[in-house]
Structures are given as structure tokens and as C-alpha cells.
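An overview of the molecular structure
Listed below are the residues making up each chain.
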Amino acid sequence: YMEIIVGPMFSGKSEELIRRVKRAIIAKQKVFVFKPKIDNRYSKTDVVSHNGETIEGYAVENSEEILEILKDEKDFRGEPFDITAKLLAKSEFITKLQAVCMKCGKPATRSQRIVNGKPASIDSEIIQIGEKESYEPRCRRCHEVGKKK
């Protein structure tokens with residue numbers, strides 16, 4: 001079966017995946033964890049949370065190779081990734097996480113991309129691997145999309 005965990009940056013997707021995998025290992029289930037090859041911030045193969053928790057994994061080129069998927073649901077503009085919409089439709093189980101909005105403290109469902117202290121322009125590159133220097137969680141009301149360059 002396919003399970004997908006979605007949410008904005010800093011919503012705990014990696015932590016939730018690691019928690020579930022550890023439980024499955026305790027239950028002596030056979031578990032394989034996959035991550036996108038493009039995301040090599042902390043490790044080329046392992047899944048690593050922002051707080052440093054790690055679980056052994058395998059890097060893959062594309063999502064067709066992945067059985068359990070950890071994915072940002074929307075891009076920095078608040079638009080769904082095409083592949084995420086398809087995967088949500090195919091998944092048997094969906095977990096949708098929220099973060100805390102960095103501006104008002106309400107539940108955050110979006111990833112705000114920041115460039116030089118300002119919201120990224122709408123015509124910026126869609127996929128950019130980054131962390132706190134590039135993204136912050138925002139609620140729908142506080143999320144902003146910068147104007148075209």
C-alpha cells in the first residue's frame with residue numbers, strides 16, 4: 001500500500017516518518033525508507049529531521065520508486081505540486097501535518113520562501129532545497145507571494 005505524509009516546512013514530516021518506522025521495526029516488520037535524491041542537506045541516503053533524528057534510507061530519482069512518501073504538499077506559492085495531487089489520489093493513507101505560523105502563531109499549512117528577507121517572487125524556481133534560511137511556515141492569512149521580477 002502507499003502512505004503519504006504531507007505538510008509545510010517544519011511541520012514534523014520527517015519526525016513522524018521516523019517515529020512510524022521505529023514502531024514498525026519494534027514490531028519486527030520489514031521496512032524500507034526512501035527519500036528524493038535531490039534532498040542531500042543532512043545525508044545523501046538517510047532521512048534526517050531538523051532536530052537531528054535519523055533513520056536509514058535509500059535515495060531515489062523519482063517518486064514512482066517510493067512506497068512511503070514524505071512530501072511538501074504545496075510549493076512556496078501555495079499551489080499543489082502536480083505529483084503530490086496524483087499521489088494523494090493513489091494513496092490508501094494520508095497524514096496531513098501542520099506547523100506553527102512564524103508571524104501569528106496560528107496553524108500553518110504553507111511554506112513561505114524567503115529571499116533576502118522578503119517573500120520569493122511568483123516566477124522564482126519552484127523547487128529549491130533549503131531550511132530556516134529559505135523557508136518559514138505560515139498560515140493561509142500570513143502567507144505572501146512576491147510580485148513578478
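Residues numbered from 1 in each chain as written. Predicted model: local features only at pLDDT ≥ 70, side-chain atom pairs only at ≥ 80, totals over all residues. Heavy atoms only, no water.

**Quick look at the sheet that holds strand β12 (residues 135-138)**
Overall, antiparallel pairing links the three strands, which are arranged β11-β10-β12 in an open sheet. Pairing within the sheet leaves two strands with one partner each, and these edge strands are β11 (118-119) and β12. Where strand β10 (residues 110-115) and β11 come together, two bridges link them in antiparallel fashion. Bridging from a neighbouring strand, I114 pairs with P119 of β11. (Pairing = 2+ DSSP bridges. Helix = DSSP H or I, 4+ residues; strand = E, 2+ residues; numbered from the N terminus.)

**Brief notes about the nonpolar core**
One finds I5, L17, I18, V21, V33, V47, I55 and L97 forming the largest nonpolar core, which totals eight residues. Top contributing element to this core by residue count: helix α1 (residues 13-26), with three residues. In this view, V33 contacts L17, V21, V47, I55, E56, G57 and Y58; residues no more than four positions away in its chain are not counted. Ranked by size, the runner-up nonpolar core spans five residues in total, among them A99, C101, C139 and C142. (Core = buried A, V, L, I, M, F, W, Y, C linked by side-chain atoms within 4.5 Å. Buried < 20%, exposed > 50% of the residue type's maximum accessible area, 1.4 Å probe, protein only. Contact = heavy atoms within 4.5 Å.)

**A look at α1**
In an α-helix there are 3.6 residues to a turn, and that puts residues three or four apart on one side. Between its first and last C-alpha, α1 extends 20 Å over 14 residues, near the 20 Å set by a 1.5 Å rise per residue. What α1 keeps buried is the set K13, E16, L17, I18, R20, V21 and A24. Immediately downstream of α1, the backbone of K28 shows phi near 60°, a positive value. (Expected span 1.5 Å × (residues − 1).)

**What about a nonpolar patch on the surface?**
A contiguous nonpolar patch, built from I38, I126, I127 and I129 and spanning about 330 Å² of accessible area, is present on the exposed surface. With respect to the helices, strands and loops of the structure, I127 is situated in the loop between β11 and β12. Its relative accessible area of 48% is what places I127 among the partly exposed residues. (Patch = residues over 30% accessible without salt bridge, like charges linked within 9 Å, V, L, I, M, F, W, Y side chains within 5 Å. Areas by Shrake-Rupley, 256 points an atom, 1.4 Å probe, with all protein chains shown as cover. Salt bridge = Lys/Arg side-chain N within 4 Å of Asp/Glu carboxyl O.)

**Some words on the environment of G57**
With respect to the secondary-structure elements, G57 resides in the loop between β4 (54-55) and β5 (58-60). Of the residues examined, G57 reaches a relative accessible area of 6% and is grouped as buried. Once the C-alpha coordinates of G57 and I129 are considered, the two residues, 72 residues apart in sequence, prove to be 18 Å apart. G57 has contacts with V33, T45 and D46, leaving out every residue within four places of it along the chain.

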